[in-house]
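Fold and geometry: a report
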Amino acid sequence: KQMYAARVWIDPLGEYKLAESANDASAKHILHVGLGYRGGEIMRGTATAGVFEDADNETAATFEIAWRWSRLFAMGEYFVQKDEQKNPTAGPDVDSRGWHVQFGAMVVPKQHELALRYAQLEPDTNVADAKQTETRLVYGYYIKGHSLKLQTDIGEIGYGKNFSQLTSLALRNVSPGLDYSTDPTKNKRLGT
């Protein structure tokens, strides 16, 4: 199996630590921009059952941006992915794409954070109205920074009317372990 990955980023206004909050607030604006790419055979354990040699290829690319200033934090990411279908049976490639944005504020410096996140995923761009959306309100209590914290969220996951028509390949990266075969809104775990 061969898989390769590359990631480049720039922090033009100073070091950006990869953490989703502004609990280490700074009066200085911090900006992060990055690009990533990976490709090659699908990782072991995620390929179609019974395929051990010549697993299908998967390629993905992502663009990310994040900003921090004072007690505010914002981030966003966009990705595209292509899963080939050749082994064990040939079929059309599955193209997917998605994005998310998040904005947060430390309402009490270094301790209490509120954030709002929105995400949208299109597991197969060839299936109309099969998107998955997610909206979350997040609360974080930082006891000792990121070393000791409590986080909780409340939100809603929405499904397009054709979500249940997606193939198992298209659903593989959505929510592993969930069974959408009859009613995607029930989120029934496999094996329960």
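Residues numbered from 1 in each chain as written. Predicted model: local features only at pLDDT ≥ 70, side-chain atom pairs only at ≥ 80, totals over all residues. Heavy atoms only, no water.

Counting its secondary structure elements, the chain contains one helix and 10 strands. Listed by position from the N terminus, the elements making up the chain come as β-β-β-β-β-β-β-β-α-β-β. For the chain, the share of sequence-separated contacts (at least 6 apart) that also reach a separation of at least 24 residues comes to 53%. Roughly 11,800 Å² of accessible area belongs to the chain as shown, and the carbon and sulfur atoms make up 57% of that amount. (Helix = DSSP H or I, 4+ residues; strand = E, 2+ residues; numbered from the N terminus. Contact = heavy atoms within 4.5 Å. Areas by Shrake-Rupley, 256 points an atom, 1.4 Å probe, with all protein chains shown as cover.)

Right, let's get into the nonpolar core. If you look at the biggest cluster of nonpolar residues, it comprises 10 residues: Val94, Leu121, Val127, Ala130, Phe163, Leu166, Leu169, Ala170, Leu171 and Val174. Considering every element that reaches this core, the biggest residue donor is helix 1 (residues 168-171), with three residues. In terms of nonpolar packing, the next biggest core, distinct from the first, is built from eight residues, Ala22, Ala66, Met75 and Met106 among them. (Core = buried A, V, L, I, M, F, W, Y, C linked by side-chain atoms within 4.5 Å. Buried < 20%, exposed > 50% of the residue type's maximum accessible area, 1.4 Å probe, protein only.)

The eight strands lie next to each other as 1-2-3-4-5-6-7-8, forming an open sheet whose pairing is antiparallel. The strands lining the two open edges of the sheet, one partner per strand, are strand 1 (3-10) and strand 8 (148-159). The mean inter-strand angle of the sheet, taken between neighbouring strand axes irrespective of direction, is 10 degrees. For strand 6 (residues 112-122) and strand 7 (residues 132-144), the ladder comprises 10 bridges, and the chain directions are antiparallel. Bridged to Leu116 within strand 7 is Leu137. (Pairing = 2+ DSSP bridges. Axes fitted to C-alpha atoms, helices over the stretch in contact; angles between N-to-C directions.)

This part covers the packing of aromatic side chains. Geometry of an aromatic ring pair is reported as the spacing of the ring centres plus the angle between the planes. What the rule picks out here adds up to three aromatic pairs. Above the ring of Tyr16, the side-chain terminus of Arg68 is found at 4.3 Å from the ring centroid. (Phe/Tyr/Trp six-rings, centres within 6.5 Å; stacked < 30°, edge-to-face > 60°. Lys NZ or Arg CZ within 6 Å of the ring centre and 35° of its normal.)

Our next topic: the side chain of Glu122. Along the chain, the position of Glu122 falls in strand 6. When residues no more than four places from it in sequence are discounted, the contact partners of Glu122 are Asp95, Ser96, Arg97 and Lys131.

It is worth spelling out the environment of Glu84 at this point. Tracing the chain through its elements places Glu84 in strand 4 (residues 72-85). Judged by relative accessible area, which is 16%, Glu84 ranks as buried.

Moving on to unusual backbone geometry. Positive phi outside glycine occurs at Lys110, with the angle close to 65 degrees. Looking at where Lys110 falls in the secondary structure, it is placed in the loop between strand 5 (91-108) and strand 6. For Asp129, which is not glycine, the phi torsion reads 50 degrees and is therefore positive. Its place among the elements puts Asp129 in the loop between strand 6 and strand 7.

Enumeration according to the criterion identifies six salt bridges in this entry. A salt bridge links Glu64 to Arg7; the nearest nitrogen and oxygen atoms lie 2.5 Å apart. Taken as a pair, Glu64 in strand 3 (residues 58-70) and Arg7 in strand 1 lie far apart in primary sequence, 57 residues in all. Using a relative accessible area of 16% as the deciding quantity, one classes Glu64 as buried. Judged by its relative accessible area of 37%, Arg7 is partly exposed. A salt bridge links Glu122 to Arg97; the shortest N-O distance between them is 2.9 Å. Here Glu122, found in strand 6, pairs with Arg97, found in strand 5; they are 25 residues apart in sequence, far enough to count as distant. The class of Glu122 is buried, set by a relative accessible area of 13%. What you see here is one network of salt bridges that share partners, running through Glu134, Arg136 and Asp153. (Salt bridge = Lys/Arg side-chain N within 4 Å of Asp/Glu carboxyl O.)

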